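# Per-entry structural report
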Amino acid sequence: MSAIPREMSLDSTGAMLREGYTFISTRCERLQSDIFETRIMLAKAICMMGAEAAREFYEPDRFTRKQALPKSALWLLQDQGSAQVLGGAAHRHRKQMFMSLMTPASIGHLSDLVAEEWRSRIARWQGRDEIVLHQEVEDILCRSVCRWAGIPLTESESPTRTREFAAMIDGAGAVGPRNWRGLLLRRRTERWARDVVDRLRSGETTTSDGVAAQVVSRHRDLDGKLLDIPTAAVELINVLRPTVAVARYITFGALALHDHPEWRERLQTNDDEPLEFFVQELRRYYPFFPVVAGRVLQEFDWRGHRFGQGQWVILDLYGTNHDPRSWQEPHRFRPERFRHWDGSPYNFIPQGGGDHFADHRCAGEWIAIELVKTAMRLLTREMTYRVPAQDLRVDLSRVPAIPNSRFLIDHVQGL
Ligand code: HEM
């Protein structure tokens, strides 16, 4: 067995926080290796990147996500008790619950609700001086996904729920006040979601068949028992919160349209092929989830290195999506590259890799793709707007990243 190249510093936590999305890939380049060992929060960690590393990482049942993330991040993301921290048959069974919501008809319905909500806002935006697109889109997605899930929000509770989901998303990659705010607001969402499940189970409220709130509150684990109420609430939040998070890709989409106006013209036609390429390139190019982490369940060897049981491994998603071995000129935004993409589940992994059903790959990837497409159609085909002077820089040390100004628009006109 050969030794894994080692990062020289005693502990890399500070560097990781300072460098954010590029922390792993810069070191891999410097060490001329897809893998290196370091210490993060004083614990030994193996960092990896690239399609081959992703293939190892997504070998079914090789890793667990248990104790792989700092608790402060886990609580704001999938949380304890969720599908993500399950393994083997229990994971696949719970994952099926999420995947049953991902039929084309169901995703199409969510898209229609988003488009309807968005169109109703265009009229309101027309009369306003300046709109913060990112905040508006978060609110549109929050209202739409709650309606789709069978829990329509009243006018007065919708801003509260949006604020809570947004704080969880924004706080997940942070240390300190941004994270604490997310944790504080999450407590309120949890109380609300538990109440939703409780009322559905008691028959106090009803929904139509097959909607997310009903599916989650009626789901039984492999032992035949209903999920306990806190776990059902966590899983309901795991449908709603990440759908609101799609706003980040939509905001990056608006930025890409601004920076590459030739693509606005291409997307204005009714041909959906350029739209497909544009949305995939958005998810490849812009930073969102930097990494995923796991702990080795069963010892294995890769490239002459031994991975012992319990070993902490961090896979670089952003770096893999920008790996020059898979992507020519990876730091250029070139949607047409997707015409020749080989479709590998390991070289393009903005929402994780492997198989949606058998592995931990994101359950909501098809929702994300469809909603970003819907939003790009709306931005290019159903409205015009001006992009005033603002700070559009994207700081790669801030996780999750977002244009500094959150993308301001004005002079909105419906078409
Ligand atoms: C906004 C865009 C999104 C991004 C960037 C994203 C990213 C991710 C990532 C990186 C993972 C972890 C993969 C792993 O552990 O290997 C994940 C898991 C997951 N995501 Fe997403 N996600 C998004 C949207 C969604 C949506 C819309 C939903 C549901 C409606 C969703 C539900 C889930 C669930 C349930 C898991 C756990 C899957 C499992 O452990 O098997 N996500 N997501």
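Because the structure is predicted, anything quoted here is derived from the model rather than measured.

### Considering the nonpolar core
- Counting 89 residues, the largest nonpolar core has Trp-118, Trp-148 and Met-376 as the members making the most contacts within it.
- No other element matches helix H11 (residues 229-259), which puts 17 residues into this core.
- Contact partners of Met-376, with chain neighbours within four places excluded, come to Ile-250, Gly-253, Ala-254, Leu-257, Leu-267, Leu-275, Phe-278 and Val-279.
- Formed by 19 residues, the second largest nonpolar core is a distinct cluster that contains Met-48, Phe-57, Phe-300 and Leu-315.

### Concerning the UniProt feature "binding site: heme" (unreviewed entry) in the chain
- When the UniProt feature table is mapped to this numbering, "binding site: heme" (unreviewed entry) covers Cys-362.
- On the secondary structure map, Cys-362 appears in the loop between helix H14 (317-321) and helix H15 (365-381).
- Residues contacting Cys-362, with those up to four places away along its chain left out, are Gln-351 and His-356.

### Remarks on the environment of Met-99
- With respect to the secondary-structure elements, Met-99 resides in helix H5 (residues 88-99).
- For the pair Met-99 and His-340, spaced 241 residues apart in sequence, the C-alpha to C-alpha distance is 28 Å.
- With near-sequence residues (within four places) excluded, Met-99 lies in contact with His-356, Phe-357, Ala-363 and Trp-366.

### Topic: the pattern of salt bridges
- A full pass over the atoms with the stated rule returns 42 salt bridges.
- A salt bridge links Arg-187 to Glu-190, with the shortest nitrogen-to-oxygen separation between them at 2.8 Å. With Arg-187 and Glu-190 both in helix H9 (residues 177-202) and 3 residues apart, this pair spans about one turn of that helix.
- Glu-276 serves as the salt-bridge partner of Lys-373, at 2.5 Å between the closest nitrogen and oxygen. Here Glu-276 lies in helix H13 (residues 272-285) and Lys-373 lies in helix H15, a separation of 97 residues in the sequence.
- Assessed through its relative accessible area of 11%, Lys-373 is described here as buried.
- Overlapping salt bridges, with partners in common, bring together Glu-117, Arg-121, Arg-128, Glu-136, Asp-139, Arg-143 and Glu-155 in one network.

### Regarding the packing of aromatic side chains
- Taken as a whole, this structure holds 21 aromatic pairs when the rule is applied.
- With a centroid separation of 5.9 Å and 75° between ring planes, the pair formed by Phe-63 and Phe-300 is classed as edge-to-face. Here Phe-63 is found in strand S3 (residues 63-64), whereas its partner Phe-300 is found in strand S6 (residues 300-302), with 237 residues between them in sequence. Side by side, Phe-63 and Phe-300 carry an identical accessibility label, which is buried.
- Linked through ring pairs, Phe-252, Trp-263, Phe-278, Tyr-285, Tyr-286 and Phe-333 together constitute an aromatic cluster.
- The ring of Phe-300 has Arg-62 sitting right over it, with the charged end atom 3.9 Å from the ring centre.
- A cation over a ring is seen here: Arg-266 above Trp-263, with NZ or CZ 4.4 Å from the ring centre.

### Details of empty space enclosed by the protein
- Throughout the structure, instances matching the rule amount to 1 cavity of 30 Å³ or more.
- Around the largest cavity, the lining residues are Tyr-249, Arg-283, Arg-284, Tyr-286, Phe-288, Phe-289, Tyr-318, Asn-321 and Pro-350.
- Among the elements of the structure, H13 and H14 are those that each provide at least two residues to the lining of the largest cavity.
- In terms of residue class, the lining of the largest cavity is built from 6 nonpolar, 1 polar and 2 charged.

### Let's talk about the pairing of strand S1 (residues 35-40)
- Among the 6 residues of S1, 5 are classified as buried, and the element is accordingly described as predominantly covered.
- As paired strands, S1 and strand S2 (residues 43-48) are joined by 6 bridges and run antiparallel to one another. Bridge pairing in S2 links Glu-37 to Ile-46.

### Things to note about the site of the ligand
- Residues in contact with the ligand amount to 26 residues; listed here are only the nearest, Tyr-58, Arg-65, His-91, His-360 and Cys-362.
- The separation between an oxygen atom of the ligand and a polar side-chain atom of Gln-84 is 2.8 Å.
- Of all elements in the fold, only H5 and H11 reach the threshold of two or more residues within the shell around the ligand.
- The biggest single contributor to the shell around the ligand is H11, with 7 residues.

### Some details on the layout of surface pockets
- The space that makes up the second largest pocket amounts to roughly 430 Å³.
- Among the elements of the structure, helix H7 (133-149), helix H8 (158-171) and H9 are those that each provide at least two residues to the lining of the second largest pocket.
- Take the lining of the second largest pocket: its biggest share by element is 6 residues, from H8.
- When the residues that make up the lining of the second largest pocket are grouped by side-chain class, the tally is 4 nonpolar, 3 polar and 11 charged.

### Some details on the sheet that holds strand S8 (residues 312-316)
- Read from one edge to the other, the open sheet built from 5 strands follows the order S1-S2-S8-S5-S3, with strand pairing classed as mixed. Looking at strand neighbours, the two that pair on one side only are S1 and S3, the edges of this open sheet.
- Looking at chain direction, S2 and S8 are connected through 3 bridges and run parallel. Among the inter-strand pairings, Cys-47 is bridged to a residue of S8, identified as Ile-314.
- Its contacts with the sheet place helix H2 (residues 23-31) against S1, S2, strand S5 (291-296) and S8, and it is angled at close to 130° to S1.

### As for the sheet that holds strand S10 (residues 408-414)
- Taking strand neighbours across the sheet as the criterion, the 3 strands line up as S4-S10-S9 in an open arrangement whose pairing is antiparallel. At either end of the open sheet lies a strand with only one pairing partner, and these are strand S4 (131-132) and strand S9 (383-386).
- Summarising the sheet, S4 and S10 pair through 2 bridges and their orientation is antiparallel. Bridge pairing in S10 places Ile-131 opposite Ile-409.
- Those strands touched by helix H6 (residues 104-126) are S4, S9 and S10, and its axis lies near 105° from that of S10.

Procedures and definitions
- Residues numbered from 1 in each chain as written.
- Predicted model: local features only at pLDDT ≥ 70, side-chain atom pairs only at ≥ 80, totals over all residues.
- Heavy atoms only, no water.
- Core = buried A, V, L, I, M, F, W, Y, C linked by side-chain atoms within 4.5 Å.
- Buried < 20%, exposed > 50% of the residue type's maximum accessible area, 1.4 Å probe, protein only.
- Helix = DSSP H or I, 4+ residues; strand = E, 2+ residues; numbered from the N terminus.
- Contact = heavy atoms within 4.5 Å.
- UniProt positions renumbered as here; feature names shortened; annotations may be inferred.
- Salt bridge = Lys/Arg side-chain N within 4 Å of Asp/Glu carboxyl O.
- Phe/Tyr/Trp six-rings, centres within 6.5 Å; stacked < 30°, edge-to-face > 60°.
- Lys NZ or Arg CZ within 6 Å of the ring centre and 35° of its normal.
- 1 Å grid on protein atoms, 1.4 Å probe; cavity = no way out; pocket = protein on both sides within 12 Å on 5 of 7 lines; lining within 4 Å.
- Points joined across faces, edges and corners; volume = space filled by probe spheres on them.
- Nonpolar A, V, L, I, M, F, W, Y, C, P; charged D, E, K, R; others polar.
- Pairing = 2+ DSSP bridges.
- Near = heavy atom within 4 Å.
- Polar contact = N/O pair within 3.5 Å; in protein donor to acceptor, adjacent residues only side chain to side chain.
- Axes fitted to C-alpha atoms, helices over the stretch in contact; angles between N-to-C directions.

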